Amino acid sequence: MKKVVIIGGGVAGLSAGIFAQKNGFESVILEKHHTLGGECTGWDRQGYHIDGCIHWLVGTKQGTPINDLWKTVGALDGVDVYQPDSFLTFEHNGTQVNFYRDLERLKSSWLEISPEDEEAINDFCQAIEKLQSFEIPTGKPMDMMNVLEKVKFMLSMKDAGMIMQKYGKISLLDYANSFKHPALSGALAYFVPEDFGASASSIIFAMGSFTKGQAGIPLGGSRALALRMKERYLSLGGVVESPCEATSLSIENNKVTSVICNNGKTFTADYFIAACDAKVLFERLLKGEYNDPEFEKRYNNPTDYPLASEVRIALGYAGKMNEIPRTLRFPVAPVKVGANAVDYLTLTHYDYEPGFAPEGHSVITVSVNQEAADYEVWQALSQDKQAYREEKGRIGEDVLQAIVTRLPHMEGKIKVLDVATPKTFESYCNAYRGSFMAFWPTVRSKELAHTGQIKGLDNIVLSGQWLQPPGGLPTALITGKDTIMRICKQERKKFVLN
Ligand SMILES: Cc1cc2nc3c(=O)[nH]c(=O)nc-3n(C[C@H](O)[C@H](O)[C@H](O)COP(=O)(O)OP(=O)(O)OC[C@H]3O[C@@H](n4cnc5c(N)ncnc54)[C@H](O)[C@@H]3O)c2cc1C
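Thresholds applied
Residues numbered from 1 in each chain as written. Predicted model: local features only at pLDDT ≥ 70, side-chain atom pairs only at ≥ 80, totals over all residues. Heavy atoms only, no water. Helix = DSSP H or I, 4+ residues; strand = E, 2+ residues; numbered from the N terminus. Rg over C-alpha atoms; globule rule 2.2 N^0.38 Å. Contact = heavy atoms within 4.5 Å. Lys, Arg positive; Asp, Glu negative; His and termini not counted. Charge placed at Lys NZ, Arg CZ, Asp CG, Glu CD. Domains from an automatic or database assignment. Buried area = accessible area lost by both parts, 1.4 Å probe. Salt bridge = Lys/Arg side-chain N within 4 Å of Asp/Glu carboxyl O. Pairing = 2+ DSSP bridges. Phe/Tyr/Trp six-rings, centres within 6.5 Å; stacked < 30°, edge-to-face > 60°. Buried < 20%, exposed > 50% of the residue type's maximum accessible area, 1.4 Å probe, protein only. Lys NZ or Arg CZ within 6 Å of the ring centre and 35° of its normal. Near = heavy atom within 4 Å. Polar contact = N/O pair within 3.5 Å; in protein donor to acceptor, adjacent residues only side chain to side chain. Areas by Shrake-Rupley, 256 points an atom, 1.4 Å probe, with all protein chains shown as cover. Nonpolar A, V, L, I, M, F, W, Y, C, P; charged D, E, K, R; others polar. Disulfide = S-S within 2.5 Å.

## Structural notes on the overall build of the protein chain
Across its full length, the protein chain holds 16 helices and 20 strands. Relative to the globule expectation of 23 Å for 498 residues, the C-alpha radius of gyration of the protein chain, 23 Å, shows essentially globular dimensions. Over its C-alpha atoms, taken along the principal directions, the protein chain stretches across nearly 65 × 55 × 45 Å. Contacts in the protein chain between residues far apart in sequence, at least 24 positions, make up 72% of those at least 6 positions apart. Positive and negative side-chain charges of the protein chain, numbering 53 and 59 respectively, have mean locations separated by a distance of 6 Å.

## Some points on unusual backbone geometry
Peptide bonds are trans in most cases, and residues, glycine excluded, mostly fall at negative phi. With an omega of -5°, the peptide bond between S242 and P243 qualifies as cis. Here the bond from P469 into P470 is cis, since omega is 10°, no more than 30 degrees from zero. By the secondary structure assignment, P470 is in the loop between strand 20 (460-462) and helix 16 (473-490). Of note, R433 is a non-glycine position whose phi angle comes to about 50°, a positive value.

## Focus: the domain arrangement of the protein chain
What the domain assignment lists for the protein chain is domain 1 (3-44 + 55-78 + 220-303 + 444-490), domain 2 (97-212) and domain 3 (309-434). Its C-alpha centre places domain 1 at a distance of 29 Å from the equivalent point of domain 2. Between domain 1 and domain 2, the contact holds 17 residues from the first and 17 residues from the second. Taking both sides of the interface into account, the surface hidden between domain 1 and domain 2 amounts to around 1,400 Å²; carbon and sulfur atoms contribute 66%. Viewed at the interface, domain 2 and domain 1 are joined by one salt bridge. D143 is paired through a salt bridge with R486; the nearest N and O atoms lie 2.9 Å apart.

## A look at the sheet that holds strand 6 (residues 81-82)
Either a parallel or an antiparallel arrangement is found when strands of a sheet pair, and the pairing is made through backbone hydrogen bonds. Strand order in the open sheet formed by three strands is 5-9-6, with antiparallel pairing between adjacent strands. What marks the edges here is a single partner per strand, and that holds for strand 5 (57-58) and strand 6. Sheet topology note: the strand 6/strand 9 (residues 215-218) ladder contains two bridges and is antiparallel. Within strand 9, the position partnered with Y82 by the bridge is I217.

## A closer look at the pairing of strand 9
On any regular strand, side chains alternate: one points to one face of the sheet, the next to the other face. One ladder, built from two bridges, connects strand 5 with strand 9; its direction is antiparallel. Across the sheet, L57 pairs through a bridge with G216, a residue of strand 9.

## Quick notes on the packing of aromatic side chains
A complete count under the given rule lists 25 aromatic pairs for this structure. Measuring from ring centre to ring centre gives 6.3 Å for F295 and F439, while their planes differ by 55°; the resulting arrangement is tilted. Here the residue F295 occupies a position in helix 12 (residues 293-299), and F439 occupies one in the loop between helix 15 (422-429) and strand 20, the gap between them amounting to 144 residues. Summarising the burial analysis for this pair, F295 and F439 share the class buried. Aromatic ring contacts, followed pair by pair, group F282, F295, Y299, Y305, Y432, F439 and W466 into a single cluster. Here R105 stacks its cationic end above the ring of Y100, 3.9 Å away from the centre of that ring. Above the face of the F25 ring, K493 is positioned so that its terminal group lies 4.5 Å from the ring centre.

## A word on the pairing of strand 17 (residues 340-349)
The buried fraction of strand 17 amounts to seven of the ten residues, a majority that puts the element mostly inside the structure. Where strand 16 (residues 327-337) and strand 17 come together, eight bridges link them in antiparallel fashion. By the bridge assignment for strand 17, P331 is matched with Y344. The turn joining strand 16 and strand 17, which pair antiparallel and follow one another in sequence, is formed by two residues; a positive phi near 75° is taken by G338.

## Description of the site of the ligand
The ligand sits among 38 residues. The nearest are E31, E39, H55, A246 and Q465. The side chain of Q465 places a nitrogen or oxygen atom 2.6 Å from an oxygen atom of the ligand. In isolation the ligand has 1,000 Å² of accessible area, and contact with the protein removes 96% of it. Listed by contribution, the elements that provide at least two residues to the shell around the ligand are helix 1 (11-22), strand 15 (309-317), helix 15 and helix 16. Split into classes, the residues belonging to the shell around the ligand amount to 21 nonpolar, eleven polar and six charged. Per-domain counts for the shell around the ligand show at least three residues from each of domain 1 (3-44 + 55-78 + 220-303 + 444-490) and domain 3 (309-434).

## What to know about the state of the cysteines
Here a disulfide denotes a covalent bond joining the sulfur atom of one cysteine to the sulfur atom of another. Using the criterion set out here, one finds zero disulfides in the structure. You can see C40 has no disulfide; the closest cysteine sulfur is in C53, sitting 4.6 Å from it. Just so you know, C276 is unpaired, no disulfide at all, and the nearest cysteine sulfur is the one on C261, 11 Å from it. On the basis of relative accessible area, C276 is assigned to the buried category, the value being 16%.

The following block contains the structure:
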């Protein structure tokens, strides 16, 4: 039996492991952390569970290919999905803008706010509706398709292609500014950080998925989802080594012969899959000797290929959120977070998850996007443990104060205050610059669709979110599967999905 070693037990590593086992390989997952899931995780604080990932999971609509794939890896087995009525409620000068799941409701509520934006609103809703037919491709990766399959694939992407043509080269900010009402333009502009130069298509794709019920939230949260995948992997005979960080590779004659880990163990295999951060593979494990020009181009041009991280402030609150929308974005007096001050906060509560907090209590998170300059601030601060801790504490208190100003009934009822920074994601997951996804698509950037092959090495491949920016959980799932499909092809084996 051929042996596969998988470095990294995030969703991509778990997916690769599950399909390796299904296809008759002997596999082991090496994970640096004590738990599996990578960025798809959550943590417990004094009786509260803080979800660290899923705002939405593309793939929650029954009967769609991506939903079937999530089920094949056990991620959605017997799990109810919460489908919020509104993805986000944006407040501006007393007006609330809702991104409703019901597209007709979204349209009529926006027209009520701004009749003079009728044409733009109709256009927006039509584009979203068109994209409801879009399905993330989960079959063969492009490089394995024959000509006929490629033609069929291109035809299936017709609607998405039309939207990309129309909205792919307009920045989201310019698009938002084409709406006359400041509440509508503010709500649209929020979707991705302003300086990214992200295209307007990002919001249309997102809303296409959300309004068709394809982007719900599996109950139990992110960590539980990852642990269900781990159970599926173990039930198929897979082996997990954790905590176990891969620190170097032995290479002979264009082949990796073994991986050496920080716990003193060495693993040999026929194939090695790096389902960890791409930079970890290129720089730490391959010591910069097998760099890929496509990745280099992107690492060296953070303006056109920005990376995003966040500061995540979590609160344990002794009360219920009752009338408060699940995700509320509201104006605040400026709060400095990282390099800059923010004047809006986005709060999400988890009252739909009874298991996340003691009876009668709530968990709330606030996510503040962090960009390149912010990362530098955190990097510098992290050199001085006390200063780093104090800054986290200061931000927690300032954010709490801003929330209490908007929601005064919460005053004095906060039991837990927890702050994660880009350095947290970096230290737990080895995430490059704390990134929560891969390179962000912008109006200036070129798409990357990478096979994961490393030029000059025959038996090690990269897998995971970095192969198909912007990444995200479905990408991790699909690339894990695709990696095993390619290895099966190399072995002249027929790939088995189920
Ligand atoms: C705050 C936040 C919110 C998010 N929200 C969403 C969302 O709503 N929807 C969505 O689709 N996506 C979301 N994402 C993105 C999503 O979590 C990631 O795209 C996805 O989990 C990436 O999976 P991966 O397996 O490719 O990589 P990772 O999750 O980074 O997994 C890599 C694994 O490799 C391990 N590792 C690294 N180096 C080594 C080594 N040397 N040896 C051994 N192990 C190693 C790491 O510990 C990690 O477990 C969010 C991410 C964050 C952080």
